[in-house]
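# Residue-level structural notes
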Amino acid sequence: MRLTLLACLVLTACAAAQTPVAPTPAAFDGGRAFEDLKKIVAIGPRPAGSEGAQKTRDYIQQQLAAIGVQAVEQVFDETTPAGKVRMVNISATLPGTGQGRLVIAGHYDTKLIKEFAFVGANDAGSSTAFLIELARSLKGRTNAVPIELLFLDGEEAVGEWATGNTFGSRHYVDVAVKAGTAKQIKAMILVDMIADRDLVIKRESNSTPWLKDVIWSAAKRLNRPEFVSDATPIEDDHLPFLAAGIDSVDLIDLDYPDATMRYWHTADDTLDKTAAASLQAVADVLLAALPAIELRIK
């Protein structure tokens, strides 16, 4: 009896040693994301076509490579009020078991402002740092569908918004539509300006209702007060996806109840106005909502 039990234990141990162990998903670490944000802000202004934008792309790709995720560049030229500008979208796809894919996107460029050095800690350092840390978190996860992390260039207008904006998302969608691959995108989640210390994310009016419902239901389960029921319309990188018939949602804080505290597109959009806890709040809600989103689209 003892010999039989011992033999079983040995055989079991050997079998376990030979069985591949699936990687354990890493938890999203808001503090680590904030460290990425610090490094991105330290680059300085990062408008499309600038040296700062190139340094930001280098940083993104270095961080993705460090976890074994390959980045792909989509290079294009856009005519702007400042002339022709070279822009570059970056994408990284994490494998999934189902068909189609989910796109989670944010822009990395800052607005071109000549009067002062605009470092854009919240706009758009926060989305860039968030997507980098999200890649670390999702790398070891068994995804129900492939998840494409999309770092968009050229969201900001060169000059006034009406003279041209969302260059990167419009180009990305145009290419996908012409190639016939847009139909593979089952949903798109956009993050923008998500690190404000006093984070308030409203239900963006143009966004697809079922996506909002899933995400806000997750926020309610987690008792996250940052996600409120008020609605607001925002023009952002999700609009080209919606125009192509792709279900999309924009998670953005553009709420400044006190006009004296407004720092959007000013020299005051600095690191001290942001918080790791805000990045963590958005990640907690998004990751909690992800299984229901995957179930809907796989």
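Look above for the structure.
Quantities reported herein were computed from a predicted structural model and do not represent experimental measurements.

## Focus: the nonpolar core
Ranked by size, the top nonpolar core spans 58 residues in total, and within it Leu102, Phe130 and Ile293 carry the most contacts. Leave out the neighbours within four places in its chain, and Ile293 touches Leu102, Ile189, Trp210, Leu211, Val214 and Ile215. Counting residues in each nonpolar core, the second largest holds 13 residues, with Val103, Leu152, Tyr172 and Ile246 among its members.

## Section: the sheet that holds strand 4 (residues 147-152)
One open sheet holds the six strands; their spatial order is 1-2-4-3-5-8, and the pairing between them is mixed. Where the open sheet ends on each side, the last strands, each with one partner, are strand 1 (72-80) and strand 8 (248-252). Strand-to-strand twist across the sheet, computed as the mean angle between neighbouring axes with direction ignored, equals 20°. For strand 5 (residues 185-192) and strand 8, the ladder comprises five bridges, and the chain directions are parallel. What sits directly across from Met188, in strand 8, is Ser248. Contacts from helix 4 (residues 121-138) reach strand 2 (83-94), strand 3 (101-107), strand 4 and strand 5 within the one sheet, and its direction differs from that of strand 3 by about 145°. In the packing of helix 5 (residues 167-179) onto the sheet, the strands contacted are strand 1, strand 2, strand 3, strand 4 and strand 5, and the crossing angle to strand 1 comes to about 115°.

## Notes on the environment of Ser248
With respect to the helices and strands, Ser248 occurs in strand 8. Sequence separation between Ser248 and Leu211 is 37 residues, and the spatial gap between their C-alpha atoms is 7.1 Å. Discounting residues that sit within four places of it in the chain, Ser248 has contacts with Met188, Ser207, Thr208, Leu211, His238, Phe241 and Leu242. A distance of 2.9 Å separates the side chain of Ser248 from the backbone oxygen of Ile246, its partner in a polar contact.

## Section: the pattern of salt bridges
What the rule picks out here adds up to 14 salt bridges. Here Glu51 and Lys55 are joined by a salt bridge, their closest N and O atoms 3.5 Å apart. Here Glu51 and its partner Lys55 are both found in helix 3 (residues 51-66), four residues apart, which amounts to about one turn of the helix. Of the residues examined, Glu51 reaches a relative accessible area of 58% and is grouped as exposed. One salt bridge in this structure joins Arg57 and Asp153, with 3.8 Å as the shortest N-O distance. Highlighted residues: Arg57 in helix 3 and Asp153 in the loop between strand 4 and helix 5, separated in sequence by 96 residues. Salt bridges here are not isolated pairs; linked through shared partners, they connect Arg32, Asp36, Glu133 and Arg136.

## Description of the packing of helix 6 (residues 209-221) against helix 8 (residues 276-297)
Axis separation between helix 6 and helix 8 bottoms out at 8 Å; the angle between their running directions is 140°. Between helix 6 and helix 8, the crossing angle belongs to the class labelled oblique. The hand of the helix 6/helix 8 crossing is right-handed. Within the contact between the two elements, helix 6 uses Trp210, Leu211, Val214, Ile215, Ala218, Ala219 and Arg221 and helix 8 uses Val285, Ala288, Ala289, Ala292, Ile293, Arg296 and Ile297.

Definitions and cut-offs
Sequence order sets the numbering: in each chain, residues are counted from 1 along the sequence as written. Local features in this predicted model are restricted to residues whose pLDDT is 70 or higher, and side-chain atom pairs enter the listing and the counts only when it is 80 or higher, whereas totals over whole chains, interfaces and linings include all residues. To get the side-chain values, all heavy atoms of the structure are used, and hydrogens and water are removed first. The definition of a nonpolar core used throughout is a set of buried Ala, Val, Leu, Ile, Met, Phe, Trp, Tyr and Cys residues joined through side-chain atoms within 4.5 Å. Only protein chains enter the calculation, and the probe is 1.4 Å; a residue is then buried if its accessible area is under 20% of its type maximum, exposed if over 50%, and partly exposed in between. In what follows, a contact means two residues having at least one pair of non-hydrogen atoms within 4.5 Å. A pair of strands is labelled paired if DSSP reports no fewer than 2 bridges between them. What counts as a helix is a DSSP run of H or I of at least four residues, what counts as a strand is a run of E of at least two, and both are numbered from the N terminus. In this analysis an axis means a line fitted to C-alpha atoms, helices contributing only their contacting stretch, and an angle means the value between N-to-C directions, from 0 to 180 degrees. Counted as a polar contact is a pair of N or O atoms within 3.5 Å, where, for protein atoms, one must be capable of donating a hydrogen and the other of accepting one, and residues adjacent in sequence contribute only when both atoms are in side chains. We define a salt bridge as a side-chain nitrogen of Lys or Arg found within 4 Å of a carboxyl oxygen belonging to Asp or Glu. Each angle gets one of four labels, with under 35 degrees taken as roughly parallel, over 145 as roughly antiparallel, 65 to 115 as roughly perpendicular, and the rest as oblique. Put simply, a crossing is left-handed when the front helix is turned counterclockwise from the back one by less than a right angle, and right-handed when it is turned clockwise.

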